[in-house]
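A structural walkthrough
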Amino acid sequence: MAGWTVRASTEDDWQAYRALRFEMLEDAPIAFLETLDHARTHPDEHWRRRAANTSSTSRLFAAVADDGRWLGSMGGYQSAPTREPYLVGVYVTPDWRGHEHGITDALLDAVIDWARSRGDRLLLEVHEDNAPAIRSYLRRGFTFTGRTQPYPLDRTADEREMQLPLLPRSL
């Protein structure tokens, strides 16, 4: 993993997180439940809070280049202790995408490790037209649950739920 590392974000990362969030919303607008115009209205405190990782129900991980630039991020979210954890906010900057770079897998591994003590499976919702993301999730062992729901930013499209069994970590 020369040139980058994966770690949990901190409040001090808020500007790097904000920059990546703006990039992701511009690059892949169907993949997130927010528009770029809306994201630009958030005050600095919003970005500080999201990057801080102080919530007991969520965790944000970043792939950070040696120069400090964020190359990607993924998060885990659990709405209640009785609910299964979700994979959210999945993004890798275009030049670092692909299995050969390893960033997507390393970020996903971090979220899976976080989620293992929180449920028996990791869930996600993916836009039905996001074929690259679906291929990536299938490659990592996610399967479709059969559940769909309308995509909040365009009710004519669906989000499809996928799941990954959370097996105990091998010794």
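Let me begin by describing the structure that accompanies this report. Residue positions are given per chain, counted from 1 along the sequence in the order it is written. Given that this is a predicted model, residues contribute local features only at a pLDDT of at least 70 and side-chain atom pairs are listed and counted only at 80 or more, while totals for whole chains, interfaces and linings are drawn from all residues. Based on all heavy atoms of the structure, the side-chain values leave hydrogens and waters out of the count.

Here we come to helix H1 (residues 14-27). Only DSSP runs of H or I with at least four residues qualify as helices, and only runs of E with at least two residues qualify as strands; both kinds are numbered from the N terminus onward. The span one expects for a helix is its residue count, reduced by one, times 1.5 Å. Over its 14 residues, H1 extends 20 Å from the first C-alpha to the last, a length consistent with the 20 Å expected when each residue adds 1.5 Å. Only protein chains enter the accessibility calculation, which uses a 1.4 Å probe. A residue is then buried if its area is under 20% of the maximum for its type, exposed if over 50%, and partly exposed in between. Inspection of H1 places Trp 14, Tyr 17, Leu 20, Arg 21, Met 24 and Leu 25 among the buried residues, and these make up the whole buried set. The arc that holds the buried residues of H1, viewed along the axis, is 135°, so those residues lie on one side. Residues of H1 that are buried in the fold lie against helix H2 (36-39), helix H3 (44-52), strand S2 (58-65), strand S3 (70-77) and strand S4 (86-92). Here, the arc refers to the directions that run from the helix axis to the C-beta atoms. For this analysis, residues touch if any pair of their heavy atoms sits within 4.5 Å.

A word on the environment of Met 74. Mapping Met 74 onto the fold places it in strand S3. Here Met 74 falls in the buried class, since its relative accessible area comes to 2%. Filtering out sequence-adjacent residues up to four positions away, Met 74 remains in contact with Arg 59, Leu 60, Phe 61, Leu 87, Val 88, Gly 89, Val 90, Thr 104, Leu 107, Leu 108 and Val 111.

Let us now look at the nonpolar core. Residue types Ala, Val, Leu, Ile, Met, Phe, Trp, Tyr and Cys, when buried and joined through side-chain atoms within 4.5 Å, form a set referred to as a nonpolar core. Ranked by size, the top nonpolar core spans 27 residues in total, and within it Leu 87, Leu 122, Tyr 137 and Phe 142 carry the most contacts. Taken together, the elements giving at least two residues each to this core come down to S2, S3, S4, helix H4 (103-115), strand S5 (121-127), helix H5 (131-139) and strand S7 (154-165). Looking at this core element by element, the count peaks at nine residues for H4. Ignoring sequence-local partners within four residues, the contact set of Leu 122 consists of Pro 85, Tyr 86, Leu 87, Leu 108, Val 111, Ile 112, Ala 115, Phe 142, Met 162, Gln 163, Leu 164 and Leu 166.

The next subject is the layout of surface pockets. Here a cavity denotes grid points, spaced 1 Å and computed from the protein atoms alone, that fit a 1.4 Å probe unable to get out, and a pocket denotes an open set having protein on both sides within 12 Å along at least 5 of 7 lines; residues with an atom within 4 Å of a point are the lining. Grid points are joined across faces, edges and corners, and a volume is the space filled by probe spheres set on the points. What the largest pocket holds in volume is close to 1300 Å³. Elements with a contribution of two residues or more to the lining of the largest pocket: H1, H3, S2, S3, S4, H4, S5 and H5. If one sorts the elements of the lining of the largest pocket by residue count, S4 sits on top with seven residues. We call Asp, Glu, Lys and Arg charged. Ala, Val, Leu, Ile, Met, Phe, Trp, Tyr, Cys and Pro are nonpolar, and the rest, Gly among them, are polar. Per-class residue counts for the lining of the largest pocket are 22 nonpolar, 14 polar and 11 charged.

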